[in-house]
Amino acid sequence: MKFPLSWLKEHLETEASLDEIVHTLTMIGLEVEGMIDRAKAFEGFVAGLVVETSKHPDADRLRVCKVDTGSGQVEVVCGAPNARTGMVGVFAGVGAYIPGIDLKLKKIKIRGVTSNGMLLSERELGLSDEHEGVVELPEDTLPGQPAAAVMGLDDAVIDIAITPNRGDCLGVRGVARDLSAAGLGRLKDLDASPVKGTFESPIKVSLDFDAPAFEACPYFVGRYIRGVNNTQSPKWLRDKLLAVGLRPISALVDITNYMTIGLNRPLHVFDAGKVNGSLHLRLARPKELLAALDGREYELDGEMTVIADDKGSQALGGLMGGERTGCSADTVNVFVESALFDPVRTAATGRKLNLMSDARFRFERGIDPAFLEGGMEVATRIIVDICGGEPSNLVVAGAEPEWFRTIGLRASRAGALGGVEVGEETQKRILEDLGFAVSGGGEEMTVSVPSWRNDIVGEADLVEEVVRINGYDKIPAVALERPSALPHPSLTPLQRRPATARRTLAGRSMVEAVSLSFMSSGHAALFGGVADSLRLVNPISSELDVMRPSILPNLIEACGRNSDRGVAGADLFEVGPQYSGDGPDDQETAAAGVRSGSTGPRHWAAAVRPADAFDAKGDVLAVLESLGLATGKLQITGDAPSYYHPGRSGGFSLGPRNVLAWFGEIHPRVLGEMDVLGPIAGFEIYIGRLPAPKAKKSAARPHLDLPSFHPVARDFAFVVDASVAAQDVVRAARGADKALIEDVSVFDVFTGPELGEGKKSLAISVTMQPVDRTMTDAEIDAVSARIEAAVEKSCGGVLRT
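Rules of the game
- Residues numbered from 1 in each chain as written.
- Predicted model: local features only at pLDDT ≥ 70, side-chain atom pairs only at ≥ 80, totals over all residues.
- Heavy atoms only, no water.
- Helix = DSSP H or I, 4+ residues; strand = E, 2+ residues; numbered from the N terminus.
- Rg over C-alpha atoms; globule rule 2.2 N^0.38 Å.
- Buried < 20%, exposed > 50% of the residue type's maximum accessible area, 1.4 Å probe, protein only.
- Contact = heavy atoms within 4.5 Å.
- Pairing = 2+ DSSP bridges.
- Phe/Tyr/Trp six-rings, centres within 6.5 Å; stacked < 30°, edge-to-face > 60°.
- Lys NZ or Arg CZ within 6 Å of the ring centre and 35° of its normal.
- Salt bridge = Lys/Arg side-chain N within 4 Å of Asp/Glu carboxyl O.
- Axes fitted to C-alpha atoms, helices over the stretch in contact; angles between N-to-C directions.
- 1 Å grid on protein atoms, 1.4 Å probe; cavity = no way out; pocket = protein on both sides within 12 Å on 5 of 7 lines; lining within 4 Å.
- Points joined across faces, edges and corners; volume = space filled by probe spheres on them.
- Nonpolar A, V, L, I, M, F, W, Y, C, P; charged D, E, K, R; others polar.
- pLDDT = per-residue confidence, 0-100.

## Thoughts on the overall build of the chain
If you tally the helices and strands in the chain, you get 20 helices and 43 strands. A compact globule built from 801 residues would reach a C-alpha radius of gyration of about 28 Å, whereas the chain, at 38 Å, exceeds it by more than 25%. By the burial criterion, 48% of the 801 residues in the chain qualify as buried. Long-range pairs, those at least 24 residues apart, make up 69% of the contacts in the chain with a sequence separation of at least 6.

Okay, here's the thing in structure tokens:
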């Protein structure tokens, strides 16, 4: 919510400085996100008096102007038709930056005549698209005065964050009311007295809703104004709209925007000459089309509210008007609409059509239901003052909905709930300044809620208002009591696992990525398919229409974008959610990563190779070990999902049904369909599936930097069937003596005719680590015998001789 300080002071009579206002806004819960110094964009621009003009010697349409800048006279070549002797314009000297055309001025010669600056148009100032002539300042403006001050553009603009429950502060007057209650001034009176109509409106209004949908628009107020002149808005109105980022269009449209921002009362004006018959508020017909004022055509459905004439829909209730009945410079008669639209239906319609407007932003948060007629009276006065015209009597359809409610309040609750003692009289004063009516006292106060505060529903809300306006900075700081025992860690070991995985992968020279939880259904289909429950009803774009079943596609896409920009290799990872459905148990946290390109930079002393499945496997093992898993006990499976390369992929599991991770090279077919060059190796670790870490025993064997006794290494070569997996041999050897055997690894695989058909030789290295004594030869031989027996029993392996 943006507003200039001068607009605020239209509603708030105050002597407070800008710093005081900004500080108070934040202390009462209207957080100031920033202040915009509009004058900074026009720094160096001054009022320049044209003291003499002459025709350019070598160009028919150019003039040479002698301009008094307040510090001397300079010559400027100008082509504006309104540049003349005696006028005062906005002058920019050499070296000034021109925001509207993104140009830094230099001294240049234009057809032989040196120009030492510019006289600026509104487009060059960045104020509008107008560029037919230069800006003309009042004739009594002294040369050299800052142009921003003369044009009223030196007004600071305040930008505040409005939480969804404070729809009443989406108007400048609502903000002024809060500041007034906080003691920063007096809220000025608003003249919303009735404007006398002189005739009956020729356009009638009806609410054509069935009972279940009557809440779509229960109340409508309209007025016909004939004989208007839809001219350009006066400067004060254009300046206010420009300050908040709105482009002035025409007086009638600008007035509706002024009402929306200033009083939080969205309006719409129909060109009455283009309305056929009466206006009917109804639900749209399925597939009914509406050409809107934003230049787009929308296909409506039966849940959307429209304002229609006898020929069809002319506006989308609470969102935007239609193009056919929009006002133009030729408009003579208008019909002004002030209506109350259902917040839920308005929000749903906006989401379905992907249509956001200032009106929707306010209606979906709740509009004051008692200010329809008052807002119409205020708008009528402004329209008649600026555009002229003769107003009709009001046209009213429906009735003001029941909004009045009272809430009990106990004076002691401010201290009990808010943590700060506020006197009873102060509480009453704060609430009354905010528009509440208070009766009774002590523990039996009764508070009537004003119509614009739909967020106040209970006693706790009233306490919040008191504490908020009293100032959050006045809540006393309270020291925490020292606990009698050491506090528990804020995160459990399971909750710390995602952060541990991040640190581990970052330590392996991978770069963390944070991607959207959405992706295209085409890519999702390559990685496990797309369940109907994963499709988004209202995606933010057509290419992000499903929730991601895997993180890998987003990372692979990122590798492709890097490659397209000349970055051949990318090692990326992400730890985040992925989805298998829309149920509470269909989301799990995964650590996924990809490695593309070569394993290192080109170097004369070491050969490089493409990233492969073993790089991904190493990443998985590193993460699992960092999370406390004994990876030697994991089973390796070769049935990775189809988006991995068969024969170059695998997985780790604890039993057949509990897959902890997949790893391997991404299938070339998948990369081809994603238009990404390979090879790419990837992995997925399902952190939520990992078993909980076991509690450490208090009486464990002493931890030493180096073992006290020498380890013993023995090599074994077993002849096994070619179908036997290496992990089976490793597991069998490790299980021969779990107390002594520290490590088992495969260091050679051999096949040949001398071994026999369908046979292979697997060579393993076994490390035995004694903990309490040096092993004797007999003990070593006994362990070796148990290893041979275990491998023979489990895998059919025979010791190779």
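Next comes the rest of the description.
## Some thoughts on the pairing of strand β6 (residues 73-78)
By the bridge criterion, six bridges tie strand β5 (residues 63-68) to β6 in an arrangement that is antiparallel. Bridging across to β6, Lys66 finds its partner in Glu75. The turn linking β5 back onto β6 is made up of four residues, and Gly70 within it adopts a positive phi angle of 90 degrees.

## What to know about the packing of aromatic side chains
Scanning all chains against the criterion turns up ten aromatic pairs. Their ring planes at 65 degrees and their centres at 6.1 Å tell us that Trp403 and Phe404 sit as a pair that is edge-to-face. Taking relative accessible area as the criterion, Trp403 reaches 23% and is therefore assigned partly exposed. Geometrically, the ring pair formed by Phe716 and Phe718 is stacked, given 6.1 Å between the ring centres and 10 degrees between the ring planes. Overall, Phe718 belongs to the buried group, its relative accessible area being 0%. Taken together, the ring pairs in this structure connect Trp7, Trp236 and Tyr258 into an aromatic cluster. The aromatic ring of Phe199 is capped on one face by Arg226, whose charged end is 3.7 Å from the ring centroid. If you follow Arg365 out to its NZ or CZ, it ends over the ring of Phe361, 3.7 Å from the centre.

## Let's talk about the pattern of salt bridges
This model, assessed by the stated rule, comprises 44 salt bridges. Close ionic contact of Arg186 with Glu13 constitutes a salt bridge, the shortest N to O distance being 2.9 Å. Here Glu13 lies in strand β2 (residues 12-13) and Arg186 lies in strand β15 (residues 186-187), a separation of 173 residues in the sequence. Lys235 is the salt-bridge partner of Asp239, the closest N and O atoms lying 2.7 Å from each other. Separated by four residues within a single helix, Asp239 and Lys235 lie in helix α6 (residues 235-243), roughly one turn from each other. The buried category is assigned to Asp239, whose relative accessible area is 15%.

## A word on the environment of Asp615
Here Asp615 shows up in helix α17 (residues 613-626). Overall, the relative accessible area of 16% leaves Asp615 in the buried class. Leaving out residues up to four positions away in the same chain, Asp615 has contacts with Arg508, Arg595, Thr599, Arg609 and Pro610.

## Quick word on the sheet that holds strand β29 (residues 437-439)
Ordered by their spatial adjacency, three strands build an open sheet running β28-β30-β29, and the pairing between neighbours is antiparallel. Looking at the sheet topology across the chains shown, the edges are occupied by β28 (406-409) and β29. Within this sheet the neighbouring strands show an average axis-to-axis angle of 25 degrees, counted without direction. Looking at chain direction, β28 and strand β30 (residues 445-448) are connected through four bridges and run antiparallel. By the bridge assignment for β30, Ile407 is matched with Val447.

## Examining empty space enclosed by the protein
Inspection of every chain in the model, using the stated rule, returns one cavity of 30 Å³ or more. Roughly 30 Å³ of volume is contained in the largest cavity. Surrounding the largest cavity, Arg166, Asp168, Gly174, Arg177, Asp178, Leu434, Trp452 and Arg453 form its lining. Considering only residue class, the lining of the largest cavity consists of two nonpolar, one polar and five charged.

## Concerning the confidence of the model for the chain
Taken residue by residue, the chain gives an average pLDDT of 90. The fraction at 70 or more is 97%. The model gives residues 698-704 a pLDDT under 50, and that stretch makes two contacts with residues more than four places away or in other chains.

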